[in-house]
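So the chains spell out like this:
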Amino acid sequence: MNVIRRTIQRLGPARGALEDPTPLVRPFFVCGHPRSGTNWVSSLLNLHPQVFCDGEFHFHLIRNGIEGFQSQPWYVGSREPVRSETERAFASLVLGCLTAQAHRPAEHGGKPGATEVGDHTPRMLRMLIPPPAGRYIIIFRDGRDVLVSWTFHLLKTARPDIMHPQVRPIFEQVLPAAGESADAARQAARRLLADRAWVQHYAAGWSDHTGHDLATMRQLKADGHASSLLRLSYEELHADTQTHRARMYTFLGVKPSEASPLSRESHTAPGFGREAPRSFYRRGEVGDWRNYIDAQSHSWFLERAGARLSELGYDVAPAASTPKPLTPQSAQPTTVPPSREEKKTS
Amino acid sequence: MTTQGADAGLINKVKAAVPRPLKVILRPMVRPWLAPPPADPYACADRGVGNEWTIVDRERTYKFFFLCGSWKSGTHWVQALINLHPKAYMTGEFHFELIHGGFSSYLKRRWRLPAKSRVLQDIAHESLRRCIRRSMFAQTRSHPEAVMLGDRSPRILKAMLPGAPHILLHRDGRDLLISRSYHMLRTNNPGAMLPQFAHLLRRWGPEYKLSPEKFRDTTIGLLGDDDWVRYLSRFWAESCLHDLKAMPRLISRGTPVHFIRYEDLHADLEGNRAAIYRFLGLDPAEAAPPSVETKTLPGFKSENLKSATRKGQSGEWRCSFTDRITRIFKEEAAEALVQMGYEKNTNW
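Please read all numbers here as calculations on a predicted model, not as lab measurements.

Take the overall build of chain B next. Across its full length, chain B carries 13 helices and six strands. Over its C-alpha atoms chain B spans a radius of gyration of 25 Å, topping by over 25% the 20 Å that the globule rule assigns to 348 residues. By principal-axis analysis of the C-alpha atoms, chain B measures approximately 85 × 50 × 45 Å. Scored against the burial criterion, the 348 residues of chain B give a buried share of 37%.

This is the structure:
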């Protein structure tokens, strides 16, 4: 309670959703590289009646603006009292948005009783609300699985216009055929994953992102805030979901025993039991990259991100010369409802 | 007894022992005994009164306004002129456009939660406006008589508080090119430069400090670099064209804009500064006269290459433009120069 009161006093008065003088909520933030399981972590957290996690808020975009506002010594925002005012405004905004979203009526998707309210946004680890008031959950995943998952995700969202010029040409070549069927999507993904520029662009991006996160974690620990940070790995969560979700609840200060059980319907059980290349919940497996990345592509990946994989404790032994064939189970037609694009095609 | 006087550890133990439903019942009774939060001197700026740019503090009404325009177009000068009036005070540079940009990114992508929720959008807009009002009030309220509180930031025209008066200042891009090039050499801060030009400052900055006179030769220094000249010419042209479009749009939406050209201010200081005071709802007769001491007279006695107030003249570009600089400037900014009324055509 002291922490909450100190936070509230620091944030100062607010109005409307921002203005509750005693917002009985404690904020947290789930982050990690895109396609590392931030959604899954959010769903697991939402199984608890006192926890509400929603996204993607992308508060860091406002944070970028504030850092620009404070960046030059001749800017008024770099000096007091304006510096503190902008910090207070930002924290107030974050708490206000999280509270407003969580405390909507239950029939509108809210959870009015939630005391632990959070945002899940796939992004780099940055302090939005300073610890200990702000708590951070970060999830890491094998960069090769991230690459495969991200490739399918990009094919599904089909937005070459927002892609980096380095990878846009190959994507534009492959994209037209990718929407025809699940098999076509798999073939398109294989083509992209056999392209050196594609593999190395996203390998470097993953390596930079996780490198930044690891450095931030070290800094947080050095500053004495280790208790405000929970590190997860997708693979460990997959192997023992119960234990690791209990860690999350304990980290947030709620009782693990009060959480609902895992289920396929809530997308909280590990894996989806089938492959649906055009669904947001495509497969959810560990080591799926072996089905899509051959030895050549693997060596390209290792050139850019091998050191980071080792740093995170992943095996960097050479891959098979050809990807493993899909298992009969995983090659079976999907049982989930077809996506909007699939409906249009049919 | 307050929490400050009591044993905080004991209070925490009691709190931990009380079940949550009981806490909810007890809270209204206990809260008056808790230590009050520290007084908030800027609370009056949380809420606009009647509009987004007016606040009332202890029965006194304050209004906010903004001055924007290109870098080295005379924003400091106009600030000094406005500050001659006892009821106005402005300072800078705030650069609220940087925070504004962050909020715009936050709100625009459709897959992001805030883009889908009206409530979250309202919270964001309210939070931004409150942040601007509180920051400006915190920085400017110390002037006892001032009721018009302003921000001076060299930037493009954009309404930071809808409805608030905005003064827009522009200057001939050719003079601006010369002035800004000297300014960057004088301040010699590679961190303030775009990364692609930082090497120029590292190369020429120290030399300028030793012998600035040498840099009247425009084949060296920043003006000797074609890319720099092209970048700055284009930047000026784009800013002008943006502002020319934005001005009628803002006015039509209820945000008054007063446009001044540096050259006009130079030619008729009294007429133009009176117009500025009137635009801000102030009586020009109450303002102090311009003086050398307050750096409010047009131009400076002599050129000082080591000062932020270097020369303050218009048309100075004629002494510095070579054929090369003229060609590049025309390629990038000839149209803007005509649209801004500085030339009738490109035959200059």
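Now that the structure has been shown, we can carry on.
Glancing now at the overall build of chain A. On a plain count of helices and strands, chain A comes out with 13 helices and five strands. In chain A, which comprises 346 residues, the proportion classed as buried is 42%. The long-range fraction of contacts in chain A, counting pairs at least 24 apart against all pairs at least 6 apart in sequence, stands at 74%.

Before going further, it helps to examine the interface of chain A and chain B. Quite often, the size of an interface is put as the accessible area lost when its parts meet. With 37 residues of chain A in contact, the opposing surface of chain B contributes 37 residues. Of all the secondary structure elements, the ones that give two or more residues to the side of chain A that touches chain B are α1 (2–11), α3 (60–69) and α4 (82–102) of chain A. Looking at the side of chain A that touches chain B element by element, the count peaks at ten residues for α4 of chain A. Here the side of chain A that touches chain B is built from residues that sort into 18 nonpolar, 15 polar and four charged.

Each regular strand displays side chains that alternate between the two surfaces of the sheet. All names here are of chain A. The alternating pattern of strand β2 (residues 51–54) places V51 and C53 and F52 and D54 on opposite faces, both of which are buried. Pairing of β2 with strand β3 (residues 116–120), which is carried by four bridges, proceeds in the parallel orientation. The partner of V51 across the bridge, within β3, is E116.

All names here are of chain A. Per the domain assignment, the segments of chain A are domain 1 (2–140) and domain 2 (143–206 + 272–345). With five residues of domain 1 in contact, the opposing surface of domain 2 contributes six residues. Residue classes in the side of domain 1 that touches domain 2 are distributed as two nonpolar, two polar and one charged.

Before going further, it helps to spend a moment on the nonpolar core. In terms of nonpolar packing, the biggest core is built from 95 residues, with V41, I62, L93, V94 and I137 of chain A together with I99 of chain B touching the most fellow members. Among the elements that take part in this core, α4 of chain A stands out by supplying ten residues, more than any other.

Residue and element names in this part refer to chain A. Here five strands make up an open sheet; going across it, the order is β2-β3-β1-β4-β5 and the pairing parallel. The open sheet is flanked by β2 and β5 (229–233), the only strands paired with a single partner. Neighbour-to-neighbour, the strand axes of the sheet open up by a mean angle of 20 degrees, direction not taken into account. Where strand β4 (residues 135–140) lies against β5, five bridges are found, and the strand directions are parallel.

Here we take up helix α4 (residues 96–108) of chain B. The end-to-end C-alpha separation of α4 of chain B is 18 Å, in line with the 18 Å expected for 13 residues at 1.5 Å each. Of the residues making up α4 of chain B, those classed as buried are F96, L98, I99, G102, F103 and Y106 of chain B. For α4 of chain B, the angular spread of buried residues about the axis comes to 165 degrees, placing them on one side. Tucked into the core, α4 of chain B has its buried residues touching α3 of chain A together with α5 (113–116), α6 (118–140) and β4 (148–152) of chain B.

The subject of this paragraph is the environment of W236 of chain B. Residue and element names in this part refer to chain B. With respect to the helices, strands and loops of the structure, W236 is situated in helix α9 (residues 226–252). For W236, a count of 28 C-beta atoms within 10 Å translates into the label buried. A C-alpha to C-alpha distance of 9.5 Å links W236 and L337, two positions 101 residues apart in sequence. When neighbours within four sequence positions are excluded, W236 is seen to be in contact with S70, G173, L176, A333 and A336.

With that settled, the discussion passes to unusual backbone geometry. With an omega dihedral of 5 degrees, the bond running from E80 of chain A to P81 of chain A counts as a cis peptide bond. The omega torsion of the bond from G92 of chain B to E93 of chain B falls at 0 degrees, within 30 degrees of zero and hence cis. One non-glycine residue, R35 of chain A, lies in the positive phi region at around 70 degrees. Within the element layout of this structure, R35 of chain A appears in the loop between β1 (26–32) and α2 (38–45).

Residues and elements named next belong to chain A. Look at helix α8 (residues 196–222) against helix α11 (residues 295–311): their axes get within 8 Å of each other, and the N-to-C directions meet at 5 degrees. Between α8 and α11, the crossing angle belongs to the class labelled roughly parallel. In this structure, α8 contributes R196, V199, Q200, A203, A204, W206, S207, T210, G211 and L214 to the contact, and α11 contributes S297, W300, F301, E303, R304, A305, R308 and E311. Class assignment for the residues of the contact of α8 with α11 results in eight nonpolar, five polar and five charged.

Looking only at α3 of chain A, the buried set comprises H60, L61, I62, G65, I66 and F69 of chain A. Buried residues along α3 of chain A sit in contact with α4 of chain A together with α4 of chain B.

Turning next to the packing of helix α7 (residues 173–187) of chain B against α9 of chain B. All names here are of chain B. Viewed as axis vectors pointing N to C, α7 and α9 meet at an angle of 130 degrees, and their least axial separation amounts to 10 Å. As the angle between them shows, α7 and α9 are arranged oblique. Pair α7 / α9 crosses with right-handed handedness. In this structure, α7 contributes G173, L176, L177 and R180 to the contact, and α9 contributes V229, L232, S233, W236 and A237. Class assignment for the residues of the contact of α7 with α9 results in six nonpolar, two polar and one charged.

Below, the discussion takes up the confidence of the model for chain A. Here chain A averages 84 in pLDDT, and 84% of its residues register 70 or above. Residue range residues 1–22 of chain A is modelled with pLDDT below 50. Its contacts to residues more than four positions away, or to other chains, number 37 contacts.

Further remarks concern the environment of W77 of chain B. Residues and elements named next belong to chain B. Mapping W77 onto the fold places it in helix α3 (residues 75–82). Taking the C-beta count within 10 Å as the criterion, W77 has 22 such neighbours and is therefore assigned buried. Separated by 185 residues in the primary sequence, W77 and Y262 have C-alpha atoms spaced 9.5 Å apart.

Rules of the game
Residues numbered from 1 in each chain as written. Chains lettered and ligands numbered in written order. Predicted model: local features only at pLDDT ≥ 70, side-chain atom pairs only at ≥ 80, totals over all residues. Helix = DSSP H or I, 4+ residues; strand = E, 2+ residues; numbered from the N terminus. Rg over C-alpha atoms; globule rule 2.2 N^0.38 Å. Buried ≥ 20, exposed ≤ 12 C-beta atoms within 10 Å, placed from the backbone. Contact = placed C-beta atoms within 7 Å. Nonpolar A, V, L, I, M, F, W, Y, C, P; charged D, E, K, R; others polar. Pairing = 2+ DSSP bridges. Domains from an automatic or database assignment. Core = buried A, V, L, I, M, F, W, Y, C linked by C-beta atoms within 7 Å. Axes fitted to C-alpha atoms, helices over the stretch in contact; angles between N-to-C directions. Expected span 1.5 Å × (residues − 1). Arc of directions from axis to C-beta. Parallel < 35°, antiparallel > 145°, perpendicular 65-115°, else oblique. Left-handed = near helix turned anticlockwise from the far one by under 90°. pLDDT = per-residue confidence, 0-100.

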